[in-house]
Amino acid sequence: MSQLIVTGGSILNGEINAPGAKNAALPILAATLLAKEPVCLNGCPKLGDVKNMIKLMQSLGCKVFWEGEALIVDSRSAQCHEMPDHLLKAIRSSIFLLGPMVARFKKAIATSPGGCDIGRRPIDLHIKALRSLGVVIDERHGTLYCDGENLRAATIHLDYPSVGATENAMMAAVAANGETIIQNAAREPEVVDLQEFLCKLGYHVQGAGSSEICVRPGCAPKSAKHTIMRDRIVAGTYLCGAAITGGDVCVRGIHKELLGSVLSKLHECGCEVETGRDYVRAIGPKRPQELKRVETLPYPGFPTDMQAQMFALCTVAEGTSVIVENVFENRFHHAAELSRMGGENSVNGSIAVIRGVKKLTGALVDAWDLRGGAALVLAALRAEGETIVRGAQIIDRGYEAIERDLNALGATIVRA
Ligand code: UD1
């Protein structure tokens with residue numbers, strides 16, 4: 001267990017580069033199983049979840065190693081179709097391997113994946129999508145036995161535009177004979193990045209970014225190089241930090257389109273938002289204004305992964321804000337922790353009402369989940385005195401070193 005000790009009262013100022021996106025890197029790493037030659041991934045963030053995914057790939061027999069800043073994956077030697085339980089429990093994204101494994105080995109064995117504690121996280125949509133593609137899945141004693149011998153193209157209608165189920169279906173479908181259509185697909189930019197990578201491997205995938213994706217098999221070329229897209233959530237977190245502290249933060253390498261709904265809320269709370277070809281800058285007001293309604297939705301709606309950070313912002317805003325969490329059922333753990341710092345909020349099911357306070361005070365708080373933990377760090381920047389955020393390793397799953405980045409912008413955070 002590590003903890004972050006945050007001395008309040010800093011104002012974030014300066015420039016920072018957006019890192020590669022975790023949520024693009026993880027499915028792309030899984031997709032390397034579909035490559036016939038080694039691939040080179042640039043901009044892959046060195047995060048806890050990525051490290052676990054690398055271990056998982058290695059346990060299947062892939063050769064994965066860093067060459068400077070580039071991650072090389074050679075999956076030619078992979079032959080194991082059973083994922084080790086302890087690694088599956090460590091990251092939810094292990095589920096992304098089901099599709100590529102069935103495509104590659106025609107079989108896969110896995111137990112239920114782990115991940116952040118943000119409510120029930122069923123995998124029924126993944127299973128339904130794979131079954132539509134002819135995969136026979138037998139669930140016994142918490143283990144999934146997948147048989148993809150009769151993998152076939154199909155029209156899949158997702159009941160909900162799940163990001164992971166869309167990506168799994170895309171990756172399994174590349175090995176099906178014929179054209180697969182995924183309807184009601186997730187439109188997240190990370191799905192588009194996966195499409196680009198699959199195309200580089202020689203597969204035919206079109207439509208990502210819209211709600212209908214078309215996948216056709218292809219022949220893989222010699223090797224592929226890909227640069228992982230930048231992380232819109234990390235960028236949004238630091239811009240939110242500017243809004244909370246009344247600072248001025250410019251995030252480089254990120255396009256405003258990736259952050260549309262977030263920038264609209266930053267503008268609404270009184271930030272001056274400036275954007276250029278590859279940067280986004282937020283200049284915070286002295287004290288943010290309340291946000292009448294923030295409602296999380298699939299992309300291009302407001303991202304659930306930015307809900308906690310906006311919650312922290314609303315906690316110090318002038319006026320009363322309302323946040324509705326529609327995507328995950330239990331993603332308000334940070335509410336109680338922010339109350340320990342003097343925040344005033346009430347949560348009823350998926351709705352949180354936050355009465356902004358003028359002053360927060362340092363306290364001992366716990367990071368329950370990745371984004372919730374980051375939100376506590378942001379709030380602590382505005383608190384009087386010292387805040388100790390326990391469970392910093394949970395934050396590390398999505399931020400390479402949040403204290404390094406925020407200290408570079410003027411914060412005072414020490415890891416202990
Ligand atoms: C991805 C992101 C995560 C983000 C989430 C929503 C990655 C690695 N993670 O997670 O950071 O918070 O999208 O934008 O990309 N659901 C089901 N059955 C399923 C699958 C999902 O009911 O089989 C439900 C989930 O419980 C949740 C909702 O669908 O309520 C959205 O989940 P989904 O889009 O699948 O999120 P992930 O792909 O897990």
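Residues numbered from 1 in each chain as written. Predicted model: local features only at pLDDT ≥ 70, side-chain atom pairs only at ≥ 80, totals over all residues. Heavy atoms only, no water.

Undergrad: Got a minute to help me understand the layout of surface pockets in this structure?
TA: The method is simple in principle: a probe with the dimensions of a water molecule rolls over the atoms, and the space it marks as empty is what remains. When its volume is computed, the second largest pocket comes out at roughly 300 Å³. Lining the second largest pocket are 15 residues, and of these Pro 189, Asp 193, Glu 196, Met 229 and Leu 258 sit closest to its centre. Contributing elements (two or more residues each) for the lining of the second largest pocket: helix 7 (189-200) and strand 13 (224-227). At 5 residues, helix 7 tops the list of elements feeding residues into the lining of the second largest pocket. (1 Å grid on protein atoms, 1.4 Å probe; cavity = no way out; pocket = protein on both sides within 12 Å on 5 of 7 lines; lining within 4 Å. Points joined across faces, edges and corners; volume = space filled by probe spheres on them. Helix = DSSP H or I, 4+ residues; strand = E, 2+ residues; numbered from the N terminus.)

Undergrad: Can you help me understand helix 2 (residues 48-59) in this one?
TA: Residues three or four positions apart in an α-helix share a direction because the helix packs 3.6 residues into each turn. Between the first and last C-alpha of helix 2 there are 17 Å, a value that for 12 residues agrees with the 16 Å anticipated at 1.5 Å per step. Within helix 2, burial applies to Asp 49, Val 50, Asn 52, Met 53, Ile 54, Leu 56 and Met 57. In the core, the buried residues of helix 2 are packed alongside helix 1 (22-31), strand 4 (63-67), strand 5 (70-74) and helix 3 (85-90). (Expected span 1.5 Å × (residues − 1). Buried < 20%, exposed > 50% of the residue type's maximum accessible area, 1.4 Å probe, protein only. Contact = heavy atoms within 4.5 Å.)

Undergrad: I keep staring at the sheet that holds strand 22 (residues 364-366) and nothing clicks. Help me out?
TA: The sheet built from 4 strands is open, its strands ordered 22-24-1-25 with mixed pairing. Each having just a single partner strand, strand 22 and strand 25 (412-415) make up the two edges of the open sheet. For this sheet, the mean angle separating the axes of adjacent strands, direction not counted, is 25°. Alignment of strand 22 against strand 24 (residues 386-390), held across 3 bridges, turns out to be parallel. Bridge pairing links Asp 366 to Arg 390 in strand 24. (Pairing = 2+ DSSP bridges. Axes fitted to C-alpha atoms, helices over the stretch in contact; angles between N-to-C directions.)

Undergrad: What am I meant to see in the packing of helix 4 (residues 98-105) against helix 6 (residues 163-173) here?
TA: How two helices sit against one another is set out by the angle between their axes and by the gap between those axes. Following both chains from N to C, one finds helix 4 and helix 6 inclined at 10°, their axes separated by 7 Å at the closest point. Between helix 4 and helix 6, the angle falls in the class roughly parallel. For the pair formed by helix 4 and helix 6, the contact residues are Leu 98, Gly 99, Pro 100 and Ala 103 on the first element and Asn 168, Met 171 and Ala 172 on the second. Across the contact of helix 4 with helix 6, the residue classes tally to 5 nonpolar, 2 polar and no charged. (Parallel < 35°, antiparallel > 145°, perpendicular 65-115°, else oblique. Nonpolar A, V, L, I, M, F, W, Y, C, P; charged D, E, K, R; others polar.)

Undergrad: What exactly am I supposed to notice about the pattern of salt bridges here?
TA: Between side chains of opposite charge, a pair can form when the charged atoms approach closely. Applying the stated criterion across every chain yields a total of 24 salt bridges. One salt bridge connects Arg 140 with Asp 138, and the closest N-O pair in it is separated by 2.8 Å. Members of the salt-bridge network, linked through shared partners, are Lys 22, Asp 49 and Arg 397. (Salt bridge = Lys/Arg side-chain N within 4 Å of Asp/Glu carboxyl O.)

Undergrad: What should I look at first to understand the site of the ligand in this one?
TA: Asp 124, Leu 125, Ser 162, Asp 305 and Val 327 are the nearest of the 20 residues found near the ligand. Asp 124 is positioned such that a nitrogen or oxygen atom in its side chain is 2.7 Å from a nitrogen atom of the ligand. Burial of the ligand by the protein chains amounts to 86% of its free accessible area of 740 Å². Looking at which element gives the most residues to the shell around the ligand, the answer is helix 5 (residues 124-132), with 3 residues. In the shell around the ligand, the residues fall into 8 nonpolar, 6 polar and 6 charged. (Near = heavy atom within 4 Å. Polar contact = N/O pair within 3.5 Å; in protein donor to acceptor, adjacent residues only side chain to side chain. Areas by Shrake-Rupley, 256 points an atom, 1.4 Å probe, with all protein chains shown as cover.)

Undergrad: What is the right way to look at empty space enclosed by the protein in this model?
TA: All told, the structure shown has 2 cavities of 30 Å³ or more when counted by the stated rule. Each pocket or cavity is described by its volume, and for the largest cavity that value is around 40 Å³. The wall of the largest cavity is formed by Arg 232, Ile 233, Leu 258, Leu 259, Gly 260, Ser 261, Val 262, Tyr 299, Gly 301, Pro 303 and Met 306. Of all the elements in the fold, those that place two or more residues in the lining of the largest cavity are helix 8 (232-245) and helix 9 (260-268). Looking at the lining of the largest cavity element by element, the count peaks at 3 residues for helix 9. Classifying every residue of the lining of the largest cavity by side-chain character gives 7 nonpolar, 3 polar and 1 charged. Considering only enclosed or pocket space, the second largest cavity measures out at about 30 Å³ in volume. Of all the secondary structure elements, the ones that give two or more residues to the lining of the second largest cavity are helix 1 and helix 8.

Undergrad: Looking at this structure, how should I read the nonpolar core?
TA: In summary, soluble globular proteins display a tendency toward joint burial of nonpolar side chains. Ranked by internal contacts, the top residues of the largest apolar core, which has 78 residues, are Leu 97 and Leu 198. The leading source of residues in this core is helix 1, at 7 residues. Excluding anything up to four places from it in sequence, Leu 198 contacts Ala 31, Leu 34, Met 170, Met 171, Val 174, Tyr 203 and Val 205. By size, the runner-up hydrophobic cluster in this structure holds 67 residues, among which are Val 262, Ala 375, Ile 402 and Ile 413. (Core = buried A, V, L, I, M, F, W, Y, C linked by side-chain atoms within 4.5 Å.)

Undergrad: When you look at the environment of Ala 242 in this model, what are you seeing that I'm missing?
TA: Residue placement: Ala 242 occurs in helix 8. Placed 144 residues apart in sequence, Ala 242 and Leu 98 show a C-alpha to C-alpha distance of 40 Å. Apart from the residues lying within four places of it in its own chain, the contact partners of Ala 242 are Leu 12, Gly 247, Asp 248, Val 249, Ala 282 and Gly 284.

Undergrad: How should I be thinking about the packing of helix 1 against helix 2 in this particular structure?
TA: Taken N-terminus to C-terminus, the directions of helix 1 and helix 2 make an angle of 0°; their axes are 10 Å apart at the nearest point. For the element pair helix 1 / helix 2, the angle class is roughly parallel. Of the residues in helix 2, those in contact with Lys 22, Ala 25, Leu 26, Leu 29 and Ala 30 of helix 1 are Asp 49, Val 50, Met 53, Ile 54 and Met 57. When grouped by side-chain class, the residues that make up the contact of helix 1 with helix 2 number 8 nonpolar, no polar and 2 charged.

All quantities given are derived from atomic positions and should not be read as evidence of function.
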